[in-house]
Amino acid sequence: MLFAESFAAADTPVAGTLCLPYDARRKSRQRVTLTDGQQFGYLLPAGTVLRDGDRLLTGCGRAVVVEAALEALFEVRAADSFQLMRAAYHLGNRHVAVEVRTTALRMQRDHVLAEMLVGLGCTLVEVEAPFAPEGGAYGAQAHGGLAPAADDHHHLPHDPGHGAHRSPARIHEFK
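Scoring rules and cut-offs
Residues numbered from 1 in each chain as written. Predicted model: local features only at pLDDT ≥ 70, side-chain atom pairs only at ≥ 80, totals over all residues. Heavy atoms only, no water. Helix = DSSP H or I, 4+ residues; strand = E, 2+ residues; numbered from the N terminus. Buried < 20%, exposed > 50% of the residue type's maximum accessible area, 1.4 Å probe, protein only. Contact = heavy atoms within 4.5 Å. Lys, Arg positive; Asp, Glu negative; His and termini not counted. Salt bridge = Lys/Arg side-chain N within 4 Å of Asp/Glu carboxyl O. Polar contact = N/O pair within 3.5 Å; in protein donor to acceptor, adjacent residues only side chain to side chain. Core = buried A, V, L, I, M, F, W, Y, C linked by side-chain atoms within 4.5 Å. pLDDT = per-residue confidence, 0-100. Phe/Tyr/Trp six-rings, centres within 6.5 Å; stacked < 30°, edge-to-face > 60°. Lys NZ or Arg CZ within 6 Å of the ring centre and 35° of its normal. Pairing = 2+ DSSP bridges. Axes fitted to C-alpha atoms, helices over the stretch in contact; angles between N-to-C directions.

Take the environment of S28 next. Mapped onto the fold, S28 is located in the loop between α1 (22-25) and β3 (29-33). Overall, the relative accessible area of 11% leaves S28 in the buried class. Here the alpha-carbon distance between S28 and V49, two residues 21 residues apart in the chain, equals 6.9 Å. In contact with S28, other than residues within four places in its own chain, are Y42, L43, L44, P45, A46, G47 and T48.

Its identity as a non-glycine residue notwithstanding, H95 has a phi of 55°, on the positive side. Structurally, the position occupied by H95 is in the loop between α2 (81-93) and β8 (99-100). With relative accessibility at 76%, the residue H95 sits in the exposed group.

Here we come to the side chain of D54. Mapping D54 onto the fold places it in the loop between β4 (39-43) and β5 (55-58). Despite its burial, D54 pairs with no opposite charge; the closest candidate is R51, at 6.5 Å N-O. A polar contact of 2.9 Å, which involves the side chain of D54, links it to the backbone nitrogen of R51.

Moving on, we come to the nonpolar core. Grouped together as the largest cluster of nonpolar side chains are 16 residues, with contacts concentrated most on L18, F40, Y42, L50 and L56. Of all the elements in the fold, those that place two or more residues in this core are β1 (2-7), β2 (14-20), β4 and β6 (63-68). With residues up to four places along the chain from it excluded, the contact list for L18 reads V32, T33, L34, F40, Y42, V64, V65, V66 and E67.

Scored by pLDDT, the chain has a mean of 84; 78% of the residues are at 70 or more. In this model residues 141-175 is a low-confidence stretch, pLDDT under 50, and it forms 50 contacts with partners more than four residues away in sequence or in other chains.

Here we come to the packing of aromatic side chains. To describe a pair of aromatic rings, you give the distance between the ring centres and the angle between the ring planes. Scanning all chains against the criterion turns up two aromatic pairs. Here Y22 and F131 contribute two aromatic rings whose centre-to-centre distance is 5.3 Å and whose plane-to-plane angle is 80°, an arrangement assigned as edge-to-face. In this pair, Y22 is assigned in helix α1 and F131 in the segment after β10 (123-130), connecting sequence segments 109 residues apart. Across this residue pair, the class does not change: Y22 and F131 are buried. The ring of F74 is capped by R109, whose NZ or CZ atom sits 6.0 Å from the centre of that ring.

With respect to topology, six strands assemble into an open sheet ordered β2-β6-β5-β1-β4-β3, the strand pairing being mixed. Every interior strand has two partners, whereas the edge strands, β2 and β3, have only one. Across the sheet, the mean angle from the axis of one strand to that of its neighbour is 30°, orientation sign disregarded. With five bridges joining them, β3 and β4 adopt antiparallel strand pairing. Bridged to V32 within β4 is F40.

Here it is as structure tokens:
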């Protein structure tokens, strides 16, 4: 079984491909099956989120490439930018994972949130696409703060070399 505990450089020879939906890419440790049927395990720092194009370094010096699986998503569209900002605000207020695009938002399908968004005047379109939500204000950004084009399905990869995507908890002493 192949195993990885760190990220690999982009030019590392490839040993296989790992295709996972977003919820599985949020797990920092798991045993999975690569697209060719090989068993693979990885153990990464807590809070690590795998992004499409990341490469994990195996013990044999080869990389496993991460591929974001197609998922059932809603693409949230609005008549104008103000309406889209309102939708983003309400989704963020509910801590919903959202992929921010130039003229739309993408989110995992949820009928309750869909009703709320339609009530805000948005249009929802069902799409099958890889899901690459924002990393959060304190985490790594998927595209360095640059908004991808509306038809861009290949975001710029993040730099996973900085370690965990969340700051470690700190214990403060009060005197």
